[in-house]
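One letter stands for each residue in the lines below.
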Amino acid sequence: MSDTDVRDVHTVPTRAPESAPTRPIRPTHPALTPLGLVTVLLGAALPMIDFFIVNVALPTIDRDLRAGPALLEMVVAGYGVAYAVLLVVGGRLGDMVGRRRLYLWGLAAFGLTSLACGLAPDAWTLVAARVAQGAAAALLLPQVLATIQATTSGARRAKALSLYGGTAGVSSALGQVLGGLLVAVDLAGTGWRAVFLVNVPIAAVALLLALRTVPETRSPHPSRVDVPGTVLLAVALVSLLLPLTEGRAAGWPVWSWLLPAVFPFAAAAFVVVERRAERAGRTPLVPPSLLRLRSVRSGLSVILPFSIGFGGFMFVVAVALQDGLRYGPLAAGLALVPLCAAYFVASLAGPRLVARFGRRVVVAGSLIQGAGLLALALVFRTQWADVSAPALAAAMAVLGVGQGLVLPTLLRIVLSELPATQAGVGGGAMVTTQQAGLALGVATLGTLFLTLLPSLGVQNALIVALLAQLATVGLNVALTFRLPRVVR
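This write-up is about the structure you can find in this document. (Residues numbered from 1 in each chain as written. Predicted model: local features only at pLDDT ≥ 70, side-chain atom pairs only at ≥ 80, totals over all residues. Heavy atoms only, no water.)

All right, on to the packing of aromatic side chains then. The geometry of two aromatic rings is summed up by the distance between their centres and the angle between their planes. Using the criterion set out here, one finds 5 aromatic pairs in the structure. Each ring, one from Phe 380 and one from Trp 384, has its centre 5.8 Å from the other, and the planes form 75 degrees; the classification is edge-to-face. No difference in accessibility class separates Phe 380 from Trp 384, as the two residues are buried. (Phe/Tyr/Trp six-rings, centres within 6.5 Å; stacked < 30°, edge-to-face > 60°. Buried < 20%, exposed > 50% of the residue type's maximum accessible area, 1.4 Å probe, protein only.)

This paragraph deals with a nonpolar patch on the surface. A cluster of nonpolar side chains, namely Leu 181, Val 185, Leu 187, Leu 330, Leu 334 and Val 337, defines an oily patch on the protein surface of about 460 Å² accessible area. Looking at the nonpolar patch, the elements with two or more residues in it are helix H7 (154-185) and helix H13 (329-334). With respect to the helices and strands, the residue Leu 334 is situated in helix H13. (Patch = residues over 30% accessible without salt bridge, like charges linked within 9 Å, V, L, I, M, F, W, Y side chains within 5 Å. Areas by Shrake-Rupley, 256 points an atom, 1.4 Å probe, with all protein chains shown as cover. Salt bridge = Lys/Arg side-chain N within 4 Å of Asp/Glu carboxyl O. Helix = DSSP H or I, 4+ residues; strand = E, 2+ residues; numbered from the N terminus.)

Okay, unusual backbone geometry next. For Arg 326, which is not glycine, the phi dihedral falls at a positive 60 degrees. For Arg 326, the location among the structural elements is in the loop between helix H12 (294-323) and H13. Take Arg 326: its relative accessible area is 66%, and that puts it in the exposed class.

Okay, a positive patch on the surface next. Where like charges cluster on the molecular surface, the positive patch consists of Arg 294, Arg 297, Arg 360, Arg 482 and Arg 485. Position of Arg 297 among the secondary structure elements: in helix H12. With relative accessibility at 36%, the residue Arg 297 sits in the partly exposed group. (Lys, Arg positive; Asp, Glu negative; His and termini not counted. Charge placed at Lys NZ, Arg CZ, Asp CG, Glu CD.)

What follows concerns the side chain of Thr 230. Tracing the sequence through the fold places Thr 230 in helix H10 (residues 227-246). Apart from residues no more than four positions distant in its own chain, Thr 230 is found in contact with Val 89, Val 225 and Leu 285. (Contact = heavy atoms within 4.5 Å.)

A few words now on H12. Here H12 spans 44 Å end to end across 30 residues, near enough to the 44 Å set by a 1.5 Å rise per residue. Of all 30 residues making up H12, 26 are buried, and the element is well covered by its neighbours. (Expected span 1.5 Å × (residues − 1).)

Attention now moves to the environment of Val 40. Among the structural elements, Val 40 can be located in helix H2 (residues 34-52). Residues Val 40 and Val 144, spaced 104 residues apart in sequence, show a C-alpha to C-alpha distance of 5.6 Å. Excluding residues that lie within four positions of it along the chain, Val 40 makes contacts with Leu 32, Tyr 103, Val 144 and Val 214.

Grouped together as the largest cluster of nonpolar side chains are 95 residues, with contacts concentrated most on Tyr 164, Phe 313, Leu 376, Phe 380 and Phe 449. Sort the elements by how many residues they give to this core and H12 lands first, with 15 residues. Apart from residues no more than four positions distant in its own chain, Phe 313 is found in contact with Leu 336, Leu 339, Leu 373, Leu 376, Met 396, Leu 399, Leu 445, Leu 466 and Gln 469. Core analysis: the next-biggest nonpolar cluster, separate from the first, contains 25 residues, Ile 61, Cys 117, Leu 126 and Trp 192 among them. (Core = buried A, V, L, I, M, F, W, Y, C linked by side-chain atoms within 4.5 Å.)

Once that is clear, we can look at the pattern of salt bridges. Any two side chains of opposite charge can pair, on the condition that their charged atoms come close. Tallying each qualifying case throughout the model produces 2 salt bridges. Its salt-bridge partner being Asp 50, residue Arg 130 comes within 3.9 Å of it at the nearest N-O pair. A residue pair is termed long-range when its members are at least 10 positions apart, and Arg 130 in helix H6 (residues 123-151) and Asp 50 in helix H2 qualify at 80 residues. A relative accessible area of 0% means that Arg 130 is categorised as buried. Overall, the relative accessible area of 0% leaves Asp 50 in the buried class. Salt-bridge contacts for Asp 64 lead to Arg 193; the nearest nitrogen and oxygen are separated by 4.0 Å. Of this pair, Asp 64 sits in helix H3 (residues 58-65) while Arg 193 sits in the loop between H7 and helix H8 (194-197), and the two are 129 residues apart along the sequence.

What follows is the structure, encoded as structure tokens:
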């Protein structure tokens, strides 16, 4: 991207009016067909599913590989940290070399690293394969949003983004459902390995479809990767996420207390370096001008606490259902089916509701989500000895409706004013925020739950964690009023 393109994001243009930040550039690439949209969404589902698919398989992995708590945490954290750190780089590389090309490379790499996870002979090999799988996911996922942004417009873009948002939420919950099913079925004696091996044929099918249906797009003014910015962003994210995800399992060693002290300095240095790069006419990894767009700035501020709550909820519920209520992996996964179904239905209704009510859809969705959390806490408080399946399903469904109204709308808001030339880096920044939030949720709410477990027991520790998530919902409601009133 040229210096002019960067400045056009936040200054009054002197050329064509369509380069103004409030008027996203219409797609100049071949339109994305319905089958092409299904194909990119299939690729988007794989990384999201795999963030959560191991949750219900962890006890089986522990028994089989004798991993221990610290290595089990690394199986989850290694994927999440690599994924979050490299997402923006993946978006920039797609802008440079072509999003379709990076999508194909990402699919192939994800399939191969999934195979490596499924064949891992020991815990350390599994951790290494999961880190590589997270890196492959970071190449793959940003290309989905960038391709949608560059090849659709108007109502078609709104529908595509709604489907992407539905895919994001449903895939996260579906990961635990699918994980429980595969572990319980024990296909050909593969046990937990099936949760990774299942990705291989899916990635192969998506790869073949993409060759035929996904058009190539790229930035008209590609630029080099911002190495200083990339290094500083990686240091900032690792110093924040690694101690939070690994500290408890490792017994809170000295490094787990020192690394968080590095985070504010690395984050501040990243901001300074990016601002200087943009002033000098270079293209930074995350152009600060993007955050001057109200839709981007306000949307990301709501996505972060939403993702923290969602990530923590999925982890805590998976542990509580199995360790507290003694559900098997399959039953623990099936308990989330009402949430998945309700989320998807609500996400499909989102575009029409947003066209009529604007940002009030996010407010309503947050309040419905809060009601679902309170209902779920009440079910666990009053029926713990014998939880009623209909009551549990109803509470999960209410929760799913709320989440399905919130996340797809937020994704649409963030992308609404992005120029097509910055689709990759903008999508990467958004997904990085979402992914970092999910990892922070597992680390914070998960650590709170596990810390309270010995003294309060599973029931009360779960209720405290649900009420803590309710606090993030309250923050969402407060931040929602900073969103644009009208959603394009």
